[in-house]
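Listed below, chain by chain, are the residues.
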Amino acid sequence: MTTADRSESPSAETRTPDVILHDVRNLLTTIAALTVRARSSLEGDVSPNAQQATQLITQLGKAVGNAMNLARSNGRAPEGEAEVHLVNFVEDHIPALGAIVGGSDHLDVRFAERLGSTSVRIDATDLLRILVNVLRNAEEASEQGSKIELEFDVLDTDRPLDARPAELPPNHYAVVRVSDRGEGVDRSLVDLVIEPGVSSKAPGRGRGLHVVAQLLREASGGLRIEPRDGGGSTIELFVPATG
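Peer 1: I tried to follow the overall build of the protein chain on my own but got confused; where do I start?
Peer 2: Counting secondary structure elements, the protein chain contains 7 helices and 7 strands. Per-residue burial for the protein chain yields a buried fraction of 40% across its 243 residues. Long-range pairs, those at least 24 residues apart, make up 72% of the contacts in the protein chain between residues at least 6 apart in sequence.

Printed below as a string of structure tokens:
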């Protein structure tokens, strides 16, 4: 290849820093999603190999989280309160989120028109952990071949909102709804399923929704679980929002 040929061919050298940074973010979030899923899969396994794998995955997750913080701030240390543009974040990570449920064709993602430029007051790594855990929970509960519905909306409330782990004050919230076609959850068990180690799947499992509830509480948000018409459940997540 001549020098002229090389100068006219697309290469990494011709890509702008913004494009490269965008690709790096996508790669990191895909790895983060896979580490969350791998760690969840090892829950309850007390074998030495599983314990060693869990330690390595945890260390990798922390390293990826630190790298994501740098990538989001273009190499600068993040300042102030964490805030994530919800639509941009989800659209960037649909391939990674689809991988949690067996492929993007198994995930039906919808955005309410009124969502607009809404941002959520939560760290992006925590938001990813929340979405991965609720999607994995829905995928495991669903009938084979059924789609998981992932909807995003906003809610303004002038009265306290019934949620778990605690009632939420009046506020402007982003709402994330994850719906499956599984057996559903009895209303009387809602408080139990967000406790660590409580699950209908297998002994030693059941930390996913507990992690979700804890992360939401740290972000001054919450969740509730409702039975779905026609079978299954809908998990609603509430996160304080702006915009």
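More follows now that the structure is in view.
Peer 1: Is there a simple way to think about unusual backbone geometry in this case?
Peer 2: Among all residues except glycine, the phi angle is most often negative; among peptide bonds, the trans geometry is most common. A cis amide bond links R164 to the next residue, P165, at an omega of 5°. Tracing the sequence through the fold places P165 in the loop between β4 (148–157) and β5 (171–179). For S220, which is not glycine, the phi dihedral falls at a positive 65°. Here S220 is to be found in the loop between α7 (208–218) and β6 (222–227).

Peer 1: Explain the packing of helix α4 (residues 86–100) against helix α5 (residues 124–141) to me, please; I cannot follow it from the model alone.
Peer 2: When two helices pack together, you describe them by how their axes are tilted relative to each other and by the distance separating the axes. Axis separation between α4 and α5 bottoms out at 11 Å; the angle between their running directions is 40°. One finds that α4 runs oblique with respect to α5. The chirality of how α4 crosses α5 is right-handed. For the pair α4 and α5, contact is made by L86, F89, L97 and I100 and by A124, L127, L128, L131, V132, L135, R136 and E139, respectively. Residue composition of the contact of α4 with α5, by class: 10 nonpolar, no polar and 2 charged.

Peer 1: Explain α5 to me, please; I cannot follow it from the model alone.
Peer 2: Given 3.6 residues per helical turn, the α-helix brings residues three or four places apart onto the same face. The end-to-end C-alpha separation of α5 is 26 Å, in line with the 26 Å expected for 18 residues at 1.5 Å each. Burial of α5 is extensive: 13 of the 18 residues sit out of reach of the surface.

Peer 1: How should I be thinking about α4 in this particular structure?
Peer 2: Along α4, the largest kink reaches about 60° and is centred on I94; proline P95 follows within four residues of it. Of the positions making up α4, those classed as buried are L86, V87, F89, V90, H93, A96, L97, G98 and I100. Of the residues one or two after α4, G102 is the one with positive phi, at around 95°.

Peer 1: When you look at the pattern of salt bridges in this model, what are you seeing that I'm missing?
Peer 2: Pairs may arise between side chains of opposite charge once their charged atoms sit close together. Within the structure shown, the criterion is met by 11 salt bridges. For the salt bridge of R159 with D158, the shortest nitrogen-to-oxygen distance reads 3.9 Å. Exposure remark for R159: the relative accessible area of 59% places this residue in the exposed category. The partner of E236 in a salt bridge is R224, with the nearest N and O atoms 2.7 Å apart. Within this pair, whereas E236 is found in strand β7 (residues 233–242), its partner R224 is found in strand β6, the two being separated by 12 residues in sequence.

Peer 1: Looking at this structure, I do not really get the environment of L131. What am I missing?
Peer 2: Relative to the helices and strands, L131 is located in helix α5. Classification of L131 as buried rests on a relative accessible area of 0%. Sequence-distant contacts of L131, defined by excluding residues within four places in its chain, comprise F89, L97, L150 and V176.

Cut-off values and rules
Residues numbered from 1 in each chain as written. Predicted model: local features only at pLDDT ≥ 70, side-chain atom pairs only at ≥ 80, totals over all residues. Heavy atoms only, no water. Helix = DSSP H or I, 4+ residues; strand = E, 2+ residues; numbered from the N terminus. Buried < 20%, exposed > 50% of the residue type's maximum accessible area, 1.4 Å probe, protein only. Contact = heavy atoms within 4.5 Å. Axes fitted to C-alpha atoms, helices over the stretch in contact; angles between N-to-C directions. Parallel < 35°, antiparallel > 145°, perpendicular 65-115°, else oblique. Left-handed = near helix turned anticlockwise from the far one by under 90°. Nonpolar A, V, L, I, M, F, W, Y, C, P; charged D, E, K, R; others polar. Expected span 1.5 Å × (residues − 1). Bend = angle between axes of the 7 residues up to and from the residue. Salt bridge = Lys/Arg side-chain N within 4 Å of Asp/Glu carboxyl O.

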